[in-house]
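For reference, the chains in residue letters:
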Amino acid sequence: MSEPTPYQLLEVDEDASFDEVQEARTRKAEQYSGDKKRLESIEAAYDAILMDRLRQRQEGKIKVPERIRFPERLTPAPASFTPSPPSGSPAWLQRLIDTPSRSDILWPAGVYAGLGGLSIYPAANDSLLQLTLALGVGSCLYFVNRKEQKFGRAVLLTVAGLVIGLVLGGLLGPLLSTATPFITTEKFIALFTFLILWLVSGFLR
């Protein structure tokens, strides 16, 4: 009595599809789940059929289904990636502006609020104003340098903030001193400079 062929062991026709062969293998494995020897013969038959199919395909005896040869034809093309449009601001400005954390805003705000309070103290004289401005400049330098550890850049930003604060404060001070007589022009310049230094230390890098 001749040995059964792999197709006979799985009980499939020789022209059965690959899906039918897989289903037969799964069905047989479930049927003989407790028989180790029979399971080994089922796996051997399945492997033999796969090798036979591969040989036939290489020899051109069977046609490879389109879904196997060209699977990309059946899968939908992925949506084309559309890069987000660049923002209107130039690259150098994007590198300059920072998105600060809460502590990056509150710590400098506390420092400059304290310096501002000292500068508008009724008994404050020119020496105290100069001292508070010096402390404000040093604080700005520290806060900016702490972000990226670039001391030269921190110096430039701090000096720029100081100059802008002094110039704009000097322009606006005489206009507002009449409305707030208890704050002199010098004190207003100091307060405005602290505001600019706070913006620099919190929102630039």
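Note that the coordinates shown come from a computational prediction; the quantities given were computed from them, not determined experimentally. (Residues numbered from 1 in each chain as written. Predicted model: local features only at pLDDT ≥ 70, side-chain atom pairs only at ≥ 80, totals over all residues. Heavy atoms only, no water.)

When helices and strands are counted, the chain shows nine helices and zero strands. Its helices and strands taken in sequence order, the chain reads α-α-α-α-α-α-α-α-α from the N to the C terminus. Expressed as a percentage of the 205 residues in the chain, the buried residues total 26%. A separation threshold of at least 6 residues defines the contact pool for the chain, and within that pool the share at least 24 residues apart is 65%. (Helix = DSSP H or I, 4+ residues; strand = E, 2+ residues; numbered from the N terminus. Buried < 20%, exposed > 50% of the residue type's maximum accessible area, 1.4 Å probe, protein only. Contact = heavy atoms within 4.5 Å.)

Let's shift gears to the packing of helix α7 (residues 126-148) against helix α9 (residues 185-203). Each pair of packed helices can be summarised by the angle the axes make with each other and by the distance between the axes. Relative to each other, α7 and α9 sit at 5°, their axes nearing to 9 Å. With respect to their mutual orientation, α7 and α9 come out roughly parallel. Contacts from Leu129, Thr132, Leu133, Gly136, Val137, Cys140, Phe143, Val144 and Lys147 in α7 reach Glu186, Lys187, Ala190, Thr193, Phe194, Leu197, Val200, Ser201, Gly202 and Phe203 in α9. (Axes fitted to C-alpha atoms, helices over the stretch in contact; angles between N-to-C directions. Parallel < 35°, antiparallel > 145°, perpendicular 65-115°, else oblique.)

Right, let's get into the nonpolar core. Judged by nonpolar contacts, the single largest core of 18 residues is most densely connected at Tyr112, Cys140, Val144, Leu157, Phe194 and Val200. When contributions to this core are tallied by element, the ones reaching two or more residues are α6 (102-119), α7, α8 (151-177) and α9. Counting residues per element, this core draws most heavily on α9, which supplies seven residues. When sequence neighbours within four positions are dropped, the list of residues in contact with Val144 reads Ala154, Leu157, Val200 and Ser201. By size, the runner-up hydrophobic cluster in this structure holds 10 residues, among which are Tyr7, Ala16, Ile42 and Ala45. (Core = buried A, V, L, I, M, F, W, Y, C linked by side-chain atoms within 4.5 Å.)

What follows concerns the environment of Leu191. Within the secondary structure layout, Leu191 lies in helix α9. Given the relative accessible area of 27%, Leu191 is considered partly exposed. Through-space distance from the C-alpha of Leu191 to that of Gly169 is 8.2 Å; in sequence the pair is 22 residues apart. When neighbours within four sequence positions are excluded, Leu191 is seen to be in contact with Gly116, Ser119, Ile120 and Ile183.

Attention now moves to helix α3 (residues 36-58). In a regular helix each residue adds 1.5 Å, so 23 residues correspond to 33 Å; α3 covers 33 Å between its end C-alpha atoms and thus fits that length. When α3 is considered as a whole, its buried residues turn out to be Ile42, Ala45, Tyr46, Ile49, Asp52, Arg53 and Gln56. Buried residues in α3 make contact with α1 (6-10) and α2 (18-31). Two or three places before Lys37, at the start of α3, stands the capping residue Asp35, its side-chain oxygen 3.3 Å from that residue's backbone nitrogen. Of the residues trailing α3, Gly60 is marked for its positive phi of about 75°. (Expected span 1.5 Å × (residues − 1). Polar contact = N/O pair within 3.5 Å; in protein donor to acceptor, adjacent residues only side chain to side chain.)

On the secondary structure map, Ser201 appears in helix α9. Of note is the side chain of Ser201, whose polar atom sits 3.0 Å from the backbone oxygen of Trp198. Beyond its immediate sequence surroundings of up to four residues, Ser201 is in contact with Pro108, Tyr112, Cys140, Phe143, Val144 and Lys147.

Before going further, it helps to spend a moment on a negative patch on the surface. Together, Asp13, Glu14, Asp15, Glu20 and Glu23 make up a region of like negative charge exposed at the surface. Tracing the chain through its elements places Glu23 in helix α2. A relative accessible area of 52% places Glu23 in the exposed class. (Patch = residues over 30% accessible without salt bridge, like charges linked within 9 Å, V, L, I, M, F, W, Y side chains within 5 Å. Areas by Shrake-Rupley, 256 points an atom, 1.4 Å probe, with all protein chains shown as cover. Salt bridge = Lys/Arg side-chain N within 4 Å of Asp/Glu carboxyl O. Lys, Arg positive; Asp, Glu negative; His and termini not counted. Charge placed at Lys NZ, Arg CZ, Asp CG, Glu CD.)

Across all of its chains, the model carries four aromatic pairs by this definition. With 5.7 Å between their ring centres and 90° between their planes, Trp198 and Phe203 make a pair best called edge-to-face. A residue is classified by how much of its surface remains accessible, and Phe203, at 30% relative accessible area, is partly exposed. Across the ring face of Tyr32, the terminal group of Arg38 is positioned such that the distance to the ring centre comes to 4.4 Å. (Phe/Tyr/Trp six-rings, centres within 6.5 Å; stacked < 30°, edge-to-face > 60°. Lys NZ or Arg CZ within 6 Å of the ring centre and 35° of its normal.)

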